[in-house]
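Residue-level listing of the chains:
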Amino acid sequence: MKLTFLLLMILFCPKLLANSTLATTQILTEYTSFTQHGDHGFVVDLLPADPSAKHTLEVELGCAAQGCSDWDYTVRFEWHQGAKRYELGRLITPYAGYMQRGMHGFDRNWRRTFSFDVSHLAPVLTGEGSLNVHYGGWGAKKSAFGIAAKLVSQPNYHTRAVKRVIPLYESGSEGWPYKTAQDFAALLPAKNVAFEAGEQSAEIKMIVTAHGHALSYDNPEGKAELCGEWCDRYFTLHQDGSLVVQQNLWRDDCDQSATFPQGGTYLFARANWCPGEAVTPFSYPVDISNVNSEFDLNWQAYSWAPSQYGKDAPRYIVNAVLVTYGEQTVEEDIALTTIVKPNAAMPDRIGLSCGEIEVEVANQGNTKINELWFDYGVEGQQANQYYWQGEIVAGDKKRITFSAEFLGIFNTEQAKLNVTVRSTGDKKIANNSQTVRFNRPIAIESSAVLRLLTGKQGDETRVSLFDRTQSTVKHWDEFTDASWHDLPLDVPVGCYTLKIQDSAQDGLAFPFFNQRKGKGEIVLHHSDAADSAITVLQPDFGRELAIPVTVGYEMGGCAATAWQADLAYNKKGQQVAYKGVIYQARHWSYNFEPDRAGPYDPWQAVSYCDGSAL
């Protein structure tokens, strides 16, 4: 059924009113369940896409109406116009047995949002076409997944406009079988491209994943591997005979998936994908000085044989396009691409924080950037500033993390964080700011205790407590096997990060390995009181579980009670809160405002309300 798009006008940057731009949102499909393998098309009529705008495909993934599937399946998002096909993004569904069965904090209402930057496809994202969703699953008992999708466009974002999108290689959603090296090479013929006048730069963008369970021993150790899912292989890209890149297809951070825990082998490294995660695309700048260029994609040669887990050849799902750009419009431009944390739009494993701000920035100009200024703060509160020094070369992105100063007193449920980045010679400010909601981390008392049951290998476990500057304040590394351990935190008021680490990178419990690993547990007691609240933490966490906590206060609140003008304070050392600062009594006082305190007056400033130094 043809869907009409919903146009939402959103004021993107409230702090820079004079230079703000309006973002548009076009609904591609409301939430739809998929229970059948194959293509699912949604006809839409897109607004003409601004070639210098930032275009983001936002996909909400969740359970189908009938429930979730237990298996990890490939989902591709494509833009179809006639016979033309363009891949927008790709993700792998999680092992969702816990969602299906209501286990480990999940249920069938589970949702997660994924974002794909599709700015490079701006020239083709216009007019009537269809969003095609290829669901790679088979939906046992008609249980599978569902998605909603929208296209969000922020104009005046990039400093160079996209000129052309030239398809190079497309395997189709089922992928190309790697029968032999010679057969596979025949699927990848060299491609000739003629650059046109006005095209000032170009890059090749690729999305590649490997699948299958054929048996191969073609590795330096000669060990058995199941290809393509479980084996590390590479491809090469040449331009006019010169090597552009040799790219390994391997992802070794699956144990840190933000969709966790899962009911299968989600911890293990794979061939450029992880269950429950989006597939990260590759980008390679190429030379345009030779008007007529030849591009050649080749695969590492290896042999394989049928295994007990799969008789078919390894498969590679390949998409590659060449994107050309016009003239760079400004010499220097720094863009804030993402507020990583704190950010309620991110899963808690990524977006939860009490004292750290993490952002991603992009150098979209022609010059190297060596210093940046960040202005940040909660709406309605005083803004703070952070100065950063480092190096970001032209065209690169960088994640930057810094400790946040006191953010003020606010209602966390309604609070929004503003972050703005700027450089010395930045000529485009429409892409400098973002505003996000954020969640409150766990609030505990100084007497809080972490109770930990180790698995069968207690020596794999490490526990550390870090302050807001990420300095270690507590550390425990001696644990006996399969035993309970009580770890008193016993720290002053402040913001901390509790980290539980496992050297084998499979947590304190991993159901797939329960015979070997055992079944550890982690319980955070908010204080040492007999009736203390507790938070049960997830022991199936991979290599590390990082939990931000506030000690002695709730985020947005204060570690002391508010000063009252009509109350006599007659106890030395008594603490009160006033205008976001904690004061301590030197001697008796009545109706004496704490911020009037001098060296001989009754009040002495101690810290901000969150325990941080003044």
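The structure this text deals with has already been given above.
Because the structure is a prediction, the values reported are computed rather than measured.

What am I meant to see in the overall build of the chain here?
Helix and strand counts for the chain come out as four helices and 41 strands. At 27 Å, the chain has a C-alpha radius of gyration in line with the 25 Å of a compact globule built from 614 residues. Judged by the C-alpha coordinates and their principal axes, the chain covers about 90 × 60 × 50 Å. Buried residues in the chain amount to 54% of all 614 residues. With 53 positive and 71 negative side-chain charges, the chain shows a separation of 3 Å between the mean positions of the two kinds.

What is the right way to read the nonpolar core from this model?
Ranked by size, the top nonpolar core spans 44 residues in total, and within it Leu-57, Phe-77, Leu-88 and Phe-116 carry the most contacts. Look past the residues within four positions of Leu-57 in its chain and what remains in contact with it is Leu-28, Phe-77, Leu-88, Phe-114, Ser-115, Phe-116, Val-118, Ala-149, Lys-150 and Leu-151. Ile-166, Val-208, Phe-235 and Leu-297 belong to the second-largest nonpolar core, a separate cluster that totals 32 residues.

Teacher, can you tell me more about the sheet that holds strand E39 (residues 581-585) here?
Pairing between the strands of a sheet is mediated by backbone hydrogen bonds and can be parallel or antiparallel. One open sheet accounts for three strands, arranged E38-E39-E41; its pairing is antiparallel. The open sheet is flanked by strand E38 (575-578) and strand E41 (603-608), the only strands paired with a single partner. The mean angle between the axes of side-by-side strands here comes to 35°, regardless of whether they run parallel or antiparallel. By the bridge criterion, five bridges tie E39 to E41 in an arrangement that is antiparallel. Within E41, the residue paired with Ile-582 across the bridge is Ser-607.

Hey, could you run me through the packing of aromatic side chains in this one?
Describing an aromatic ring pair means giving the distance of the ring centres and the angle of the ring planes. A full pass over the atoms with the stated rule returns 33 aromatic pairs. Their ring planes at 50° and their centres at 5.7 Å tell us that Phe-268 and Phe-513 sit as a pair that is tilted. Remark: Phe-513 occurs in the loop between strand E33 (494-502) and helix H4 (514-517) and Phe-268 occurs in the loop between strand E17 (242-249) and strand E18 (282-286); sequence separation between them is 245 residues. Residue classification places Phe-513 among the partly exposed residues on the basis of a relative accessible area of 28%. Here the basic side chain of Arg-233 rests over the ring of Tyr-302, its NZ or CZ set 4.8 Å away from the ring centre. The residue whose ring lies beneath Arg-349 is Phe-260, and the NZ or CZ to ring-centre distance is 3.9 Å.

Would you mind showing me how to read the layout of surface pockets here?
Within this model, the second largest pocket holds a volume of roughly 990 Å³. Lining the second largest pocket we find 34 residues, and of these Trp-71, Asp-72, Gly-212, His-213 and Glu-229 sit closest to its centre. Its residues assigned to classes, the lining of the second largest pocket shows 14 nonpolar, 13 polar and seven charged.

Can you help me understand empty space enclosed by the protein in this one?
Remark: the empty space left among the atoms is shown by a probe the size of a water molecule rolled over them. Inspection of every chain in the model, using the stated rule, returns four cavities of 30 Å³ or more. There is about 110 Å³ of room inside the largest cavity. Residues that form the lining of the largest cavity fall into these classes: seven nonpolar, three polar and three charged. Each pocket or cavity is described by its volume, and for the second largest cavity that value is around 60 Å³. Contributing to the lining of the second largest cavity are Leu-28, Leu-46, Leu-57, Trp-79, Leu-88, Val-118, Leu-125 and Leu-151.

So what exactly am I meant to see when it comes to the pattern of salt bridges here?
Pairing between side chains becomes possible if they bear opposite charge and their charged atoms approach one another. Counted by the stated rule, this structure contains 28 salt bridges. Here Glu-554 makes a salt bridge to Arg-440, at a shortest N to O gap of 3.1 Å. You can see Glu-554 sitting in the loop between strand E36 (544-551) and strand E37 (568-569) and its partner Arg-440 sitting in the loop between strand E27 (433-437) and strand E28 (442-444), a full 114 residues away along the chain. What makes Glu-554 partly exposed here is its relative accessible area of 43%. Among the residues examined, Arg-440 registers a relative accessible area of 44% and is labelled partly exposed. One salt bridge connects Asp-502 with Lys-517, and the closest N-O pair in it is separated by 3.1 Å. Within this pair, whereas Asp-502 is found in strand E33, its partner Lys-517 is found in helix H4, the two being separated by 15 residues in sequence.

I tried to follow unusual backbone geometry on my own but got confused; where do I start?
Working note: non-glycine residues mostly have negative phi, and peptide bonds are mostly trans. For the bond from Cys-227 to Gly-228, the omega torsion is 5°, close enough to zero to count as cis. Its location among the elements puts Gly-228 in strand E15 (residues 225-228). For the peptide bond that leads from Phe-260 to Pro-261, omega is -5°, which places it in the cis range. Within the fold, Pro-261 resides in the loop between E17 and E18. Positive phi is not limited to glycine here, since Asp-490 has a value of about 50°. Tracing the sequence through the fold places Asp-490 in the loop between strand E32 (484-488) and E33. What makes Asp-490 exposed here is its relative accessible area of 56%. Even without glycine at this site, Gln-505 takes up a positive phi of about 60°. Here Gln-505 shows up in the loop between E33 and H4.

Sorry, what's going on with the sheet that holds strand E24 (residues 384-392) here?
As summarised here, the arrangement of the four strands in space is E24-E23-E26-E27, forming an open sheet in which the pairing is antiparallel. Edge strands, defined here as strands with exactly one partner in the open sheet, are E24 and E27. Put simply, the sheet's adjacent strands are angled 20° from each other on average, direction ignored. Taken together, the six bridges between strand E23 (residues 369-378) and strand E26 (residues 416-422) define a ladder with antiparallel strand orientation. Note on E26: the bridge partner recorded for Val-378 is Leu-417.

Can you walk me through the environment of Val-536 in this structure?
Here Val-536 is to be found in strand E35 (residues 534-537). On the basis of relative accessible area, Val-536 is assigned to the exposed category, the value being 61%. Separated by 432 residues in sequence, Val-536 and His-104 place their C-alpha atoms 10.0 Å apart.

Can you help me understand the side chain of Ser-607 in this one?
Structurally, Ser-607 is set in strand E41. Non-local contacts of Ser-607, meaning those with residues more than four positions away in its chain, are made with Val-581, Ile-582, Ser-612 and Leu-614.

What is the right way to read the state of the cysteines from this model?
What is meant by a disulfide is a covalent connection between two cysteines, made through their sulfur atoms. A full pass over the atoms with the stated rule returns five disulfides. With its sulfur 2.1 Å from that of its partner, Cys-63 forms a disulfide with Cys-68. Between Cys-63 and Cys-68 the disulfide shows an S-S torsion of about -100°. By sign, it is left-handed. One disulfide in the model links Cys-227 with Cys-231; its S-S distance is 2.1 Å. One quick way to see it: the torsion about the S-S bond of Cys-227 and Cys-231 is about 140°, and its sign makes the bridge right-handed. On the accessibility criterion, Cys-227 (0% relative accessible area) is buried.

Reading the values: rules and limits
Residues numbered from 1 in each chain as written. Predicted model: local features only at pLDDT ≥ 70, side-chain atom pairs only at ≥ 80, totals over all residues. Heavy atoms only, no water. Helix = DSSP H or I, 4+ residues; strand = E, 2+ residues; numbered from the N terminus. Rg over C-alpha atoms; globule rule 2.2 N^0.38 Å. Buried < 20%, exposed > 50% of the residue type's maximum accessible area, 1.4 Å probe, protein only. Lys, Arg positive; Asp, Glu negative; His and termini not counted. Charge placed at Lys NZ, Arg CZ, Asp CG, Glu CD. Core = buried A, V, L, I, M, F, W, Y, C linked by side-chain atoms within 4.5 Å. Contact = heavy atoms within 4.5 Å. Pairing = 2+ DSSP bridges. Axes fitted to C-alpha atoms, helices over the stretch in contact; angles between N-to-C directions. Phe/Tyr/Trp six-rings, centres within 6.5 Å; stacked < 30°, edge-to-face > 60°. Lys NZ or Arg CZ within 6 Å of the ring centre and 35° of its normal. 1 Å grid on protein atoms, 1.4 Å probe; cavity = no way out; pocket = protein on both sides within 12 Å on 5 of 7 lines; lining within 4 Å. Points joined across faces, edges and corners; volume = space filled by probe spheres on them. Nonpolar A, V, L, I, M, F, W, Y, C, P; charged D, E, K, R; others polar. Salt bridge = Lys/Arg side-chain N within 4 Å of Asp/Glu carboxyl O. Disulfide = S-S within 2.5 Å.

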